[in-house]
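Single-letter residue listing:
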Amino acid sequence: MNIAVLVSGNGSNLQALIDAEKRGEFPKSKITLVISDNPDAHALKRAEKAGIDRFVVIAKNFASTEAFDEAIIKKIEEKKIDLLVLAGFMRILGDKFVDKYYGRMLNIHPALLPAFKGAHGVRDAFESGARTTGVTVHFVTKELDSGPIISQESVNIDHGDTIDSLEKKIHAVEHRLYPEVVRLFCEEKLKIEGEKVKICRRKSKI
Ligand code: GRF
């Protein structure tokens, strides 16, 4: 499978995926494209270092969001992409785009959805006084930070935590969870059944 990762910023999740690929965790798949809406994203440097093609789309250069989405679609088709992985991509994709790639587009969110949706999942959980938050990987649907949940893991918010220390703990979980889910997708083990995702694990031979 050909994988495209969509980014806007630091790209630590992209790096985790690159590293997992290098370790041979998705042997029949390859990250062949990194798409960024931010020309200054550090993620682009990570992609360059790993020898991955980069495609920068700057929203203000397009007359409409549809035209912006179309430019991405054109590139995705040209590169024969099978899986889209949103990794800190900060732009909302249009309904047509999301429909087109339903079941083939993943997102990672730094909270336990459906709690703390939106762009500030870590901060909102921290400020709420919650004692537990976490990480969610889900299929993307039209509604923001919704869609069938594939995997979740909780992270404790301890008394000594700051937003920064909480963010570090969340990132550590993200960097393990996202490659695991991408591997399951590439092995065709994820099946959407209505609102839920079934993970088909190999049956034990014992
Ligand atoms: C991650 O925390 C992810 O959950 C959220 O955006 C952040 C991206 O971080 N969607 P990075 O660019 O991968 O370091």
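One can find the structure itself at the top, above this paragraph.
Residues numbered from 1 in each chain as written. Predicted model: local features only at pLDDT ≥ 70, side-chain atom pairs only at ≥ 80, totals over all residues. Heavy atoms only, no water.

Participant: Tell me about the pairing of strand S4 (residues 83-86), and please be specific about residues and values.
Facilitator: Alternating positions in S4 separate into two faces, Leu83 and Val85 on one and Leu84 and Leu86 on the other, with burial throughout. Two elements, strand S1 (residues 2-7) and S4, share four bridges in a ladder whose sense is parallel. Bridge assignment links Ile3 to a residue of S4, and that residue is Leu83. Inspection of the sheet shows S4 paired to strand S5 (residues 105-109) by three bridges, in the parallel sense. Within S5, the residue paired with Leu86 across the bridge is Asn107. Crossover connection from S4 via helix H4 (residues 95-100) to parallel S5: handedness right-handed. (Buried < 20%, exposed > 50% of the residue type's maximum accessible area, 1.4 Å probe, protein only. Helix = DSSP H or I, 4+ residues; strand = E, 2+ residues; numbered from the N terminus. Pairing = 2+ DSSP bridges. Right-handed = clockwise from strand over helix to strand, strands pointing away.)

Participant: So what's going on with the site of the ligand? Residues and values would help.
Facilitator: Neighbouring the ligand are Asn10, Gly11, Ser12, Asn13, Gly88, Ile108, His109, Pro110, His171 and Glu174. At 2.7 Å, a backbone N or O of Gly11 approaches an oxygen atom of the ligand. Between an oxygen atom of the ligand and a main-chain N or O atom of Asn13, the distance comes to 2.8 Å. Of all elements in the fold, only helix H1 (12-22), S5 and helix H6 (163-186) reach the threshold of two or more residues within the shell around the ligand. Residues of the shell around the ligand, tallied by class, amount to two nonpolar, seven polar and one charged. (Near = heavy atom within 4 Å. Polar contact = N/O pair within 3.5 Å; in protein donor to acceptor, adjacent residues only side chain to side chain. Nonpolar A, V, L, I, M, F, W, Y, C, P; charged D, E, K, R; others polar.)

Participant: I'd love a proper account of the sheet that holds strand S2 (residues 30-36), names of residues and values included.
Facilitator: With respect to topology, seven strands assemble into an open sheet ordered S3-S2-S1-S4-S5-S6-S7, the strand pairing being mixed. Taken across any chain shown, the strands that pair with only one partner, and hence form the sheet edges, are strand S3 (53-56) and strand S7 (149-156). In this sheet, neighbouring strand axes are inclined to one another by 20° on average, regardless of whether the strands run parallel or antiparallel. Lying over the sheet, H6 contacts S1, S4, S5, strand S6 (132-139) and S7, oriented at roughly 160° with respect to S7. (Axes fitted to C-alpha atoms, helices over the stretch in contact; angles between N-to-C directions. Contact = heavy atoms within 4.5 Å.)

Participant: Report on helix H5 (residues 121-128), specifying residues and quantitative values.
Facilitator: Listed in full, the buried residues belonging to H5 are Gly121, Val122 and Ala125. All buried residues of H5 lie within an arc of 100° about the axis, which places them on one face of the element. Elements in contact with the buried residues of H5: S5, S6 and H6. Looking one or two residues beyond H5, the residue adopting positive phi is Gly129, at roughly 85°. (Arc of directions from axis to C-beta.)

Participant: Which residues make up the nonpolar core, and what values do they have?
Facilitator: One finds Ile3, Val5, Val34, Val85, Leu106 and Val182 to be the most contacted residues of the largest nonpolar core, which totals 40 residues. For this core, the element with the highest residue contribution is H6, accounting for 10 residues. Contact partners of Val85, with chain neighbours within four places excluded, come to Ile3, Ala4, Val5, Leu6, Leu17, Leu106, Tyr178 and Val182. Core analysis: the next-biggest nonpolar cluster, separate from the first, contains 21 residues, Leu6, Ala71, Ile81 and Leu93 among them. (Core = buried A, V, L, I, M, F, W, Y, C linked by side-chain atoms within 4.5 Å.)

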